[in-house]
Amino acid sequence: MSSGPRTPKARRDAGSLRLGSPRPRLRFVGIALTLVMLVFGGRLVQVQAMGAASYAEEASRNRIVTVPLAPQRGDITDRNGNALATTVDAYDITADPSMFTEDATDVADAPEQAAALLAPIVGRDEAELVDLLDDPDERYALLARQQTPQVWSQIRDLRNNLAEQVDKGTGDQVLSGVFYEENPKRVYPNGDLAAAVLGFVNGEGVGGGGLEAQLDAGLTGEAGSITYAQSAGRRVPTAGGSEDPAVPGTDMELTLDRDIQWAAQRAIAEQVEESEANSGYVVVQDTVTGEILALASAPGYDPNDIGSANAGQLRNPAVEDAYEPGSTSKLVTMAAVLEEGAAAIDTHVTVPNRLPRADRSFGDNIEHETWYLTLAGVLAKSSNIGTILAAEQLGATQPEANEVLHRYLTAFGFGQPTGLGFPGETSGIVAQPADWDAAQQYTIPFGQGLSVNAVQAASVYSTIANGGERIAPSLVRGTTGPEGDYEAAPDPERTRVVGEETAAQLTEMLETVVASPEGTGQAARIPGYRVAGKTGTSNRVDPETGRYSGYTSSFAGFAPADDPRVTVYCAVQNPTEGPYTGSEVCGPVFNEVMRFTLSALRVPPTGEEFAGLPVTFDPGA
């Protein structure tokens, strides 16, 4: 057999490669892709169908934020528009604790990190902040109230810096759940001026005392809210939102005059300090309108810093303290005597050194020989005995006289609300005449055995200055609503207490107290003005023991006596250093405050001077 060369076919068969079929591979790839698609599809069905609600809720929970909008509290101003209490921009720093979990931040200790950053800025303890932030079931936590705009700006910048670090991969964002709410802060531009009247706003933004509490409903306004989308702690401006605007509170205009209030407060604070007294108050009232121009007390407090005040200072003693008025209330007894026709201003009253009544012997403030006084002289020399003798003429029997005097005490406002409606105000204590004991029926005519507050005591003198018509005292002059509409306060209640003739006679008697060399009120004299006034020095009941201890020194009066415009009343409780009589302690305060007030109101000087009524009579004539 020949061994020649192989044929081409043979060579092809020996050296050729056989290609595999691609179908198995394609089948494998197809199966793999199918499995992947099934996994994704299944997950998609789970997300969109079975878990759609929960995922949508989760997305909304982290994206949609509803923030309350605090209304701006209404301002409180004096009668001339000067701000006594107002608001400034401030922010509550808040957080959403659910945004501080490890799932939300990818940080295991997000509450701790956030608290460490925030504590020195908001001035709170770090552990307290951790407790607030580490509560994933809560959506809202108040971290700090009424912080300055600078505080929020510092937090915002810090949060933005953390966001930039996250973008660079060099840090963690642990402040995305921190937000702010506008919550204006209450401030008192004049510090402690009129603090006892204004009161304060507590930590919850609610009036906690004084007019802030009394007028809280009108001052507060109505809260609103705003809802918006946020991402990484920032508002998304293109995502829309909704807002229910807050309604600002009503502005309140008081009857107080800031400058007169300042003068009264300075004068009483200096006297309380100099006398080392427990407390003191000054009331300045417009006799024509009944409006309170000043209501000052000492010691006081700064409502901007109520934390430094004790509980006893956070009140208004001028309307909350009840005390025995002493001789300033003799004016009521004299009004009853004149109005009832029981005596006249020149009626002769023989005043012995001692007057035996009931189970005791009554005397005057000094030992003296028998005095021969007119009724005007009884008031001028502030004789307790002479006042008792005059009051006995009010009835055929002592019980009848007691009934008549009680009726006048009530008509002048004793034992009745003043009309101010002030929180904690006392009506004083005036027992029914049938309940007056043997001593009270003789002490009440000269101001012991009953109690009043300072506004009630001042109102008696304003009533006489106003011709015998009592005008209920007022502190609010008008209001301005959110739309800018001003509404004047309702007219105060007016009550005729005594006739104009009686009031004129009482005015001359009060002028005699100041103008006569024998009167006790010479310290109240003001050159160029006729002044009507009365001193008071009473035994003081210690509120802690219920026993008499020390004195209440007082002075009340009005000017100009011939055309009254202003009443000033001063009382100092328990002066322990120096003199203690009303003339020496409160006479100078009355003088200083009255001078300032007459000048501030531009009241012209009096024309003709008044020398006073006869004080004594000649028993042998």
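Being a predicted model, the structure only gives us computed values, none of them experimental.

## Notes on the sheet that holds strand E2 (residues 76-77)
What holds strands together in a sheet is hydrogen bonding between their backbones, with the strands either parallel or antiparallel.
So, step 1. With mixed pairing, the six strands of this open sheet are ordered in space as E7-E3-E2-E13-E21-E22. Each having just a single partner strand, strand E7 (185-187) and strand E22 (486-488) make up the two edges of the open sheet.
So, step 2. Summarising the sheet, E2 and strand E3 (residues 83-88) pair through two bridges and their orientation is antiparallel. Residue pairing across strands places threonine 77 opposite alanine 83, the latter belonging to E3.

## A closer look at the pattern of salt bridges
So, step 1. With the rule as written, the count across this model stands at 19 salt bridges.
So, step 2. Residue arginine 124 is joined to glutamate 128 by a salt bridge in which the shortest nitrogen-to-oxygen separation is 3.2 Å.
So, step 3. Among the salt bridges present, the one from aspartate 321 reaches arginine 315, with a minimum N-O distance of 2.8 Å.
So, step 4. Taking the relative accessible area as the measure of exposure, arginine 315 reaches 27% and is therefore partly exposed.
So, step 5. A network of salt bridges, in which partner residues are shared, links Arg73, Arg186, Glu212 and Asp216.

## Some thoughts on helix H13 (residues 330-339)
So, step 1. The buried fraction of H13 amounts to nine of the 10 residues, a majority that puts the element mostly inside the structure.
So, step 2. Among the residues of H13, those classed as buried are Lys330, Leu331, Val332, Thr333, Met334, Ala335, Ala336, Val337 and Leu338.
So, step 3. At the exit of H13 stands glycine 341, carrying a positive phi of roughly 75°.

## Observations regarding the packing of helix H11 (residues 258-275) against helix H21 (residues 587-600)
So, step 1. Running from amino to carboxyl end, H11 crosses H21 at an angle of 170°, the nearest separation of the two axes being 10 Å. Relative to H21, the element H11 is oriented roughly antiparallel. In terms of crossing hand, the pair formed by H11 and H21 is right-handed. For the pair H11 and H21, contact is made by Asp259, Ile260, Trp262, Ala263, Ala264, Arg266, Ala267 and Gln271 and by Val589, Glu592, Val593, Phe596, Thr597 and Ala600, respectively.

## Concerning the confidence of the model for the chain
So, step 1. When pLDDT is averaged along the chain, the result is 89; 90% of the residues meet or exceed 70.
So, step 2. Confidence drops under pLDDT 50 across residues 7-12; counting only partners more than four residues distant or on other chains, this segment forms one contact.

## Brief notes about the sheet that holds strand E6 (residues 178-182)
So, step 1. Strand order in the open sheet formed by three strands is E5-E4-E6, with antiparallel pairing between adjacent strands. In this open sheet, the two edge strands, each paired with only one partner strand, are strand E5 (141-147) and E6. Ignoring which end each strand starts from, the neighbouring axes of this sheet average 25° apart.
So, step 2. Pairing analysis gives five bridges linking strand E4 (residues 91-95) to E6, with the strands arranged antiparallel. Residue pairing for E6: tyrosine 91 is matched across the bridge by glutamate 182.
So, step 3. The strands touched by helix H6 (residues 126-133) within the sheet are E4 and E5, with E5 carrying the most contacts at an inclination of about 130°.
So, step 4. The strands that helix H7 (residues 149-168) touches are E4, E5 and E6; relative to E6, the one it contacts most, it runs at about 155°.

About the thresholds
- Residues numbered from 1 in each chain as written.
- Predicted model: local features only at pLDDT ≥ 70, side-chain atom pairs only at ≥ 80, totals over all residues.
- Heavy atoms only, no water.
- Pairing = 2+ DSSP bridges.
- Helix = DSSP H or I, 4+ residues; strand = E, 2+ residues; numbered from the N terminus.
- Salt bridge = Lys/Arg side-chain N within 4 Å of Asp/Glu carboxyl O.
- Buried < 20%, exposed > 50% of the residue type's maximum accessible area, 1.4 Å probe, protein only.
- Axes fitted to C-alpha atoms, helices over the stretch in contact; angles between N-to-C directions.
- Parallel < 35°, antiparallel > 145°, perpendicular 65-115°, else oblique.
- Left-handed = near helix turned anticlockwise from the far one by under 90°.
- Contact = heavy atoms within 4.5 Å.
- pLDDT = per-residue confidence, 0-100.

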